[in-house]
Amino acid sequence: LDPEDAGSGEHRPRPRANTSFLAWRRNMPDATPTSLASTPAVPIQTLPIDSLIQLLEPPSAPSLAHARSLVSALSTQTPAPSPADLLRIVSSLCSIEAPPSIQAAGFDVFSAFCSCGSNLDALDRSAYFDVLRKTSEAEWSQEVWEPRLKALNALFATAEDADGFEMDVLQLLRAWAEQ
């Protein structure tokens, strides 16, 4: 209110702002993207583990789609393949000559296998650790470092798993840090 109007006792209503230009927003559909969590998940049909192993077996060219399917199959299908069968595939996928996307998928296969309840003895654990050790010679890649670290964590999930490998793990971590 103006000071002049305050003394007059007369109260005039304030004119409304023109907000009709916002009406176009009321008629628009909701433009917010729907998250994947809100959409129902469609079960992914994967081939049997044995078939995927045959498709990824060297010397065939590694397929990113088959490697990802193997990760999914390892977490949902039983029984787990033998460590020797999967070692050939993991060694091929994780090779430093492979493209970073294939290497990352290879380390995801490595992690899934170690996490699926496969019981690795010390000899198998040593063979899988050699796959990780060979990667210390590769150049650092942002796409590969996290799957590689997950594979190391899956290989040595408990303190008992790491018995006898302590110095080797420390040397590996030092080599990775120096990359």
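Use the structure listed above.
Residues numbered from 1 in each chain as written. Predicted model: local features only at pLDDT ≥ 70, side-chain atom pairs only at ≥ 80, totals over all residues. Heavy atoms only, no water.

Topic: the overall build of the protein
Scanning the protein from N- to C-terminus turns up 9 helices and 0 strands. Secondary structure of the protein in N-to-C order comes out as α-α-α-α-α-α-α-α-α. With 179 residues in all, the protein has 29% of them scored as buried. Of the contacts formed within the protein by residues at least 6 apart in sequence, a portion of 70% connects residues at least 24 apart. (Helix = DSSP H or I, 4+ residues; strand = E, 2+ residues; numbered from the N terminus. Buried < 20%, exposed > 50% of the residue type's maximum accessible area, 1.4 Å probe, protein only. Contact = heavy atoms within 4.5 Å.)

Brief notes about the environment of Asp108
One can find Asp108 in helix α6 (residues 100-115). When the C-alpha positions of Asp108 and Leu70 are compared, they lie 9.3 Å apart, and in sequence the two are 38 residues distant.

Comments concerning the environment of Arg174
Checked against the element boundaries, Arg174 lands in helix α9 (residues 166-177). Expressed as a C-alpha distance, the spacing of Arg174 and Ser136, which sit 38 residues apart in the sequence, is 9.1 Å.

Overview of unusual backbone geometry
The step from Pro58 to Pro59 runs through a cis peptide bond, and the omega angle for that step is 15°. Positionally, Pro59 belongs in the loop between α3 (49-56) and α4 (64-76). Here the amide bond leading from Thr78 into Pro79 is cis, since omega sits at -5°, within 30 degrees of zero. Note on placement: Pro79 falls in the loop between α4 and α5 (83-93).

The analysis is restricted to geometry; functional conclusions fall outside its scope.
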